[in-house]
Amino acid sequence: MKWLIAILLIASAPALAQPVIRAENPHGYGWWLGDELVQRIRIDLPDDVTLDRASLPRPRAVDYWLDLRDVEVKDIKGGVEVTLLWQNFYSALEPKLREVPPSPLRFSDGSEAALPGFSFVTSPIRPITAPSGPDQLQPDPPFRLIDPGFNRMALGGSLLVLLGALLAMAWHQAWGPFRARPARPFTRAARGMAHMPDVAQRRRSLHRAFDAAFGRVLIGADLPDFLSRRPEFTPVADRLAEFFKASDAAFFGVGPVAGDEPDALARDLARIERGQG
């Protein structure tokens, strides 16, 4: 008797609710190469069950002729709605039935189901034996000529602005021809002496070059300090001493003292100044 009661209780208990899947598939014919097919699937779920979205198919190439382009999931009352976007790449030579496979699903309670597949007929775009002719070509699209004059003027203006900016940058950074050259007072003096017939005038010009190179008036007593600052002139130190000695003698009226002509000394100093000594 107890067994009969238990069997009756089990039989009278409500059955566990299961997800209900209903698919709205694309119509089964009239598809061509490149067409997109939209499949909408409604899944009714019990209150305590949810869809494991990680189990949904991912957009991918399902087969050489079929791509799953997109998967959209939308929560609706009592379940979810899944929209699958398929694209057909089958180049049919004749009307052909193609099968889109189902996709497995999982739910939060551990149960499994499948998104249903469907079939459709794809057809060739044109008959294989149909003749081809120029009259089947579409006409060229209309076009108009564009006057490039304004664009050329704008390009020329842009190039001028760019050139000006580069010149300004070169001047600011002292690049190339804007680079300040080092002062060469002995070179200037040697060149200027060619136009000075008077020896005293040439001597004064060379003294001005020594002053410019030293940064202040240079006299014979300052010659060691000058050579310590400009050691490149040390090889001609004896000649410099003789030049200043002769200048002092001439200035203070002691009389002429033998020494280098200022022209020859200036040329040698200029060569040293240019790094050629």
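Above this text sits the structure in question.
These numbers come from a predicted model, not from an experiment.

Caption draft 1: Examining the sheet that holds strand E5 (residues 79-88) more closely. Pairing is antiparallel across the open sheet formed by five strands, whose spatial order is E1-E2-E5-E4-E3. In the strand order of this sheet, the two ends are held by strand E1 (20-24) and strand E3 (60-63), each with one partner. Adjacent strand axes in the sheet meet at a mean angle of 30 degrees, parallel and antiparallel pairs treated alike. Two strands pair when backbone bridges link them, and E3 and strand E4 (residues 66-76) are joined in this way by three bridges, in the antiparallel orientation. Residue pairing in the sheet places Ala61 in a bridge with Asp67 of E4.

Caption draft 2: Fine view of the packing of helix H3 (residues 185-193) against helix H4 (residues 199-214). Contact geometry for H3 and H4: axes closest at 8 Å, N-to-C directions at 170 degrees. One finds that H3 runs roughly antiparallel with respect to H4. Judged by the sense of rotation from one axis to the other, the crossing of H3 with H4 is right-handed. Residue-level inspection shows Pro185, Phe186, Ala189 and Met193 of H3 in contact with H4, the latter providing Arg202, Ser205, Leu206, Ala209, Phe210, Ala212 and Ala213.

Caption draft 3: Seen up close, the environment of Pro224. Tracing the sequence through the fold places Pro224 in helix H5 (residues 223-229). Considering only alpha carbons, one finds Pro224 and Thr234, ten residues apart in sequence, at a separation of 9.5 Å.

Caption draft 4: The pattern of salt bridges, seen in detail. What the rule picks out here adds up to 14 salt bridges. Across the pair Arg53 and Asp75 runs a salt bridge, and its minimum N-O distance is 2.6 Å. One end of the pair, Arg53, is in the loop between strand E2 (36-44) and E3; the other, Asp75, is in strand E4, and 22 residues separate them in sequence. Its relative accessible area of 41% is what places Arg53 among the partly exposed residues. On the accessibility criterion, Asp75 (56% relative accessible area) is exposed. Ionic contacts of the salt-bridge type, sharing partners, join the residues Arg216, Asp222, Asp225 and Arg229 into one network.

What counts, and where the lines are drawn
Residues numbered from 1 in each chain as written. Predicted model: local features only at pLDDT ≥ 70, side-chain atom pairs only at ≥ 80, totals over all residues. Heavy atoms only, no water. Pairing = 2+ DSSP bridges. Helix = DSSP H or I, 4+ residues; strand = E, 2+ residues; numbered from the N terminus. Axes fitted to C-alpha atoms, helices over the stretch in contact; angles between N-to-C directions. Parallel < 35°, antiparallel > 145°, perpendicular 65-115°, else oblique. Left-handed = near helix turned anticlockwise from the far one by under 90°. Contact = heavy atoms within 4.5 Å. Salt bridge = Lys/Arg side-chain N within 4 Å of Asp/Glu carboxyl O. Buried < 20%, exposed > 50% of the residue type's maximum accessible area, 1.4 Å probe, protein only.

The analysis is restricted to geometry; functional conclusions fall outside its scope.
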